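# Topology and contacts: notes
Each chain, written out:
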Amino acid sequence: MERQAFLSNIATRLQRPINTTEKPERHWQHRPVEKHYTPMNQDELLAALKEQCKNIHTDVVEATTANVGDVLKEVVAHYGNGAVSLWDDPRYEEYGLTSLLKTEWPKDGVDVYTWSEQKSREQNFAEANRARVGLAISEYCLTESGTVVLYSAAGAGKAVGLLPHAFVALIPKSTIVARMTQAAEKIQQRVDRGELLPHAIDFVSGPSNSADIEMKLVVGVHGPVQATYIVLTDC
């Protein structure tokens, strides 16, 4: 009864009937959110992304599936060559990283922790917390804000991108979009096709930071202190 009274009051004020089942149509005269950055091609979006990432203290490097292993090794070495925490994601094999993750790094003394639903919650979190670098794969990347969109799932815990000292995201160049509007549209298209979305979709913009203390920007307050985006230019 309280819900119905609440909706009735709003409908009366708006002078329209109650609608809880049909999405209302929007016919805006101007739609800037759909136009900003959209005339750009993928090369232009990447160039703008690099500029924006300077503002959010995030490094951007380019790689291909042929040399991404070497590039990733350099990035992890730059962060101290500590343990690496990553998702249980078949795309690592697709990008040619199997040898690095399963052979080269363990041989060189770099521990590789894979987030897995076969492990206990405590073990997954403990491994992510011990890792020096957290590695994830972005579904989309937003040029305007330098934001990567991450799908959290059973084998892809969000702690991988939160607990380690540094965060590294692999970004297929084809998934770079202008801004939040385009990412939301693509996610909606998946819903319309009947695809099952993960239980959480996270939007991450570089390392953690806060300006709550005396309005001074402090990086690395409640998450990764450093971040690198590796853009796969042939994906």
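In what follows, the structure referred to is the one given above.
This text gives an overview of the structure that appears in the document. Computed from a prediction, not measured in an experiment: that's the story for all the values here. Every chain is numbered on its own, with residues counted from 1 as its sequence reads. With pLDDT at 70 or above as the cut-off, local features in this predicted model cover only qualifying residues; side-chain atom pairs require 80 or more to be listed or tallied, and sums for whole chains, interfaces and linings still use all residues. Just so you know, side-chain values use all the structure's heavy atoms and leave hydrogens and water out.

Attention now goes to the packing of aromatic side chains. By convention, a stacked pair of Phe, Tyr or Trp rings (six-membered ring in the case of Trp) has centres within 6.5 Å and planes under 30 degrees apart, an edge-to-face pair has planes over 60 apart, and any other such pair is tilted. Evaluated as defined, the whole model comprises one aromatic pair. With a centroid separation of 5.3 Å and an interplanar angle of 70 degrees, the aromatic rings of Trp 115 and Phe 125 are classed as edge-to-face. With Trp 115 in the loop between β3 (112–114) and α6 (121–130) and Phe 125 in helix α6, this pair connects stretches of sequence that are ten residues apart. Looking at Trp 115, the relative accessible area reads 10%, which means it is buried. Residue class for Phe 125 comes out partly exposed when judged on its relative accessible area of 32%. Each helix is a run of H or I in the DSSP string that is no shorter than four residues. Each strand is a run of E no shorter than two, and both are numbered from the N terminus. Three labels apply to residues, based on accessible area from a 1.4 Å probe with only protein chains included: buried if under 20% of the type maximum, exposed if over 50%, partly exposed otherwise in between.

Strand pairing in a sheet takes place through backbone hydrogen bonds and is either antiparallel or parallel in direction. Spatially, the six strands line up as an open sheet ordered β1-β12-β7-β4-β2-β3, and their pairing is parallel. Both outer strands of the open sheet, β1 (59–63) and β3, are each paired with one neighbouring strand and no more. Pairwise comparison of adjacent strand axes, ignoring direction, gives a mean angle of 20 degrees for this sheet. Alignment of strand β7 (residues 166–172) against strand β12 (residues 226–232), held across seven bridges, turns out to be parallel. Residue pairing for β12: Phe 167 is matched across the bridge by Ala 227. Along the sheet, helix α3 (residues 68–78) makes contact with β1, β2 (84–86), β4 (133–137), β7 and β12, crossing β12 at roughly 170 degrees. For two strands to be treated as a pair, DSSP must find at least two bridges joining them. With axes taken as lines fitted to C-alpha atoms, and helix axes fitted only over the stretch in contact, angles between N-to-C directions fall between 0 and 180 degrees. Two residues qualify as a contact provided that any one of their heavy atoms is within 4.5 Å of a heavy atom in the partner residue.

Now for the pairing of β12. The element β12 is largely enclosed, with a buried count of six among its seven residues. Examined bridge by bridge, β1 and β12 share five bridges and lie parallel to one another. When the sheet's bridge partners are listed, Ala 63 is paired in β12 with Leu 232.

This part covers the pattern of salt bridges. Criterion for a salt bridge: a side-chain nitrogen of Lys or Arg within 4 Å of a carboxyl oxygen of Asp or Glu. Enumeration according to the criterion identifies eleven salt bridges in this entry. The shortest N-O distance in the salt bridge between Glu 139 and Arg 190 comes to 3.6 Å. Of this pair, Glu 139 sits in the loop between β4 and β5 (140–142) while Arg 190 is found in helix α7 (residues 180–192), placing the two residues 51 residues apart along the sequence. Owing to a relative accessible area of 11%, Glu 139 belongs among the buried residues under this scheme. Under the relative-accessibility criterion, Arg 190 is labelled buried at 18%. As a salt-bridge pair, Asp 202 and Lys 158 come within 3.2 Å of each other at their nearest N and O atoms. Pair noted here: Asp 202 is in strand β9 (residues 200–204) and Lys 158 is in the loop between β6 (147–152) and β7, with a separation of 44 residues, a long-range link. Given a relative accessible area of 15%, Asp 202 falls into the buried group.

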